[in-house]
Amino acid sequence: MSRSCNNHRGKRTAPRFKVTFGTWLFFLLGKTVCSTAAFTPKPHALLTIRGGSDFTPEGDGDSPTFETTVIQEMSDTPNDKETPMVNVESAPVGKASNAVSAVVKKGMSPSLTNAIERTGPALLMLGILYLILKFTGEKGLLYGLVPLMQLGMYSETTGIIESFHQKNNIDMEVKLEKWWWFATIFVSTTLRGLGSIGGLTGEYLDLLSYFMVVVGLVMAVVGMASHQSAGPDMFRKYLGELAAFHFALIFLVGQSSFWVKTIQSFGMEWVLYPALLVVINDTMAYVFGVLLGKHKLLPRLSPKKTVEGFIGAAVSTCAAAGPLLNLFVNYFGEHSKASLVMGNGNRNLVKHALIIGLYTSLISPFGGFLASAVKRAHSAKDFGTLIPGHGGVVDRFDCQVVTAPFIFFYLKTCIEKMSPST
């Protein structure tokens, strides 16, 4: 059965991505429309003021930059002599610089401004993904996109940790160790899943991985012992920073490496399908939170998340999971693994869709909550600035990486329980 499935998958052609891309685009545009309609378009002026040492040549370099957003409500009847009320939503942090840049956007609500800023980059990302899938297929994901995303996520996460430590004079400057451990985990997970590197396969890659672990161990001990301020306090800082980097490796690189296993064993539809469910969940959490949100879910961790948004998103995701999976199964054909996983005649489709929908609704969002905790712990608004209006790679894929291992193990269990007769 497995062999016939692989043969069938090898005959697929590029146009099969059209439905997936169109569906993804539909939900993205839906999010933009809903988020825009959820607010009253009362005329006002949005004033964003930025300042700090980064904006002036004479800055001392110690004063952090600041950003202040002021909403200036406009009077219903024009009156030049009347001073409108000003509501400051976020106060400046640190010392203000003499150099200030201001951008005034009149006649726009904050939600509309945010939607416009986010939609363009989102469409660009989807377009790039579509081109990768169309011209390179699964190989583009396996050998290009997944490794680049892992590198980007790890670099962003360790970057905000190092930046925070540098500002507080507790940085141990472990850049060599940081990237050595990244290479070690990358070889033992992603490259091991791909099957070979430089002619090395299987057990040889395992041996190489273990050798890299040993070198990393020696490097850590020698690094601590030879440090100019070696002592208990320095050891705690050193081990704490390395521990943070290792956690980033496990959470980001380790879990995302299951994308490779899933694509190779079951096809990339089983990466795209749960990814769409996460997008739906994120979209509906936003919509329900804006329309009905009154009770904060985790106010000290993620103030904008609400109980109503969380529940509404879960119900919406589970409701969409069945029809969306049926779309995938019908599109890829009855002999594809997308269909075979469901059982004979796809009789188990609703059951499997509901289970996957529940996981992406109830568990996957905790990847985002954990990412919020990391950002708050290190005084960072976003993990990066790679994607305008969205932040960094981690900001977009924190929930996706939590989903990756579950999908692989769930599908593996379903496949192994199936008999050839089904």
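Attention here is on the structure that accompanies the text. All figures in this text were calculated on a predicted structure; none of them were measured in a lab.

**Details of the nonpolar core**
Then comes step 1: One finds Tyr238, Trp270 and Tyr273 to be the most contacted residues of the largest nonpolar core, which totals 67 residues.
Then comes step 2: With near-sequence residues (within four places) excluded, Tyr238 lies in contact with Met172, Val174, Glu177, Met219, Ala220, Gly223 and Met224.

**Some thoughts on unusual backbone geometry**
Then comes step 1: Non-glycine residue Asn169 carries a positive phi angle of around 55°.
Then comes step 2: Relative to the helices and strands, Asn169 resides in the loop between α3 (110–167) and α4 (175–194).
Then comes step 3: The backbone of Ser379 sits at a positive phi, close to 55°, despite the residue not being glycine.
Then comes step 4: For Ser379, the position within the fold is in the loop between α12 (365–377) and α13 (393–417).

**Focus: the packing of helix α5 (residues 203–225) against helix α6 (residues 232–256)**
Then comes step 1: Packing of α5 against α6 leaves a shortest axis separation of 10 Å and a crossing angle of 150°. Considered as vectors, α5 and α6 are oriented roughly antiparallel to each other. In this structure, the crossing between α5 and α6 has a hand that is right-handed. When α5 is examined against α6, the residues Met219, Ala220, Gly223 and Met224 are found in contact with a partner set consisting of Met234, Phe235, Tyr238, Leu239 and Leu242.
Then comes step 2: Here the contact of α5 with α6 is composed, by residue class, of eight nonpolar, one polar and no charged.

**Observations regarding the pattern of salt bridges**
Then comes step 1: Following the criterion strictly, the structure yields seven salt bridges and no others.
Then comes step 2: With a shortest N-O distance of 3.7 Å, Arg236 and Asp233 are connected by a salt bridge. Highlighted residues: Arg236 and Asp233, both in helix α6, separated by three residues, approximately one helical turn.
Then comes step 3: By sharing partners, the salt bridges in this structure join Glu162, Lys175 and Lys178 into a single network.

Rules used throughout
Residues numbered from 1 in each chain as written. Predicted model: local features only at pLDDT ≥ 70, side-chain atom pairs only at ≥ 80, totals over all residues. Heavy atoms only, no water. Core = buried A, V, L, I, M, F, W, Y, C linked by side-chain atoms within 4.5 Å. Buried < 20%, exposed > 50% of the residue type's maximum accessible area, 1.4 Å probe, protein only. Contact = heavy atoms within 4.5 Å. Helix = DSSP H or I, 4+ residues; strand = E, 2+ residues; numbered from the N terminus. Axes fitted to C-alpha atoms, helices over the stretch in contact; angles between N-to-C directions. Parallel < 35°, antiparallel > 145°, perpendicular 65-115°, else oblique. Left-handed = near helix turned anticlockwise from the far one by under 90°. Nonpolar A, V, L, I, M, F, W, Y, C, P; charged D, E, K, R; others polar. Salt bridge = Lys/Arg side-chain N within 4 Å of Asp/Glu carboxyl O.

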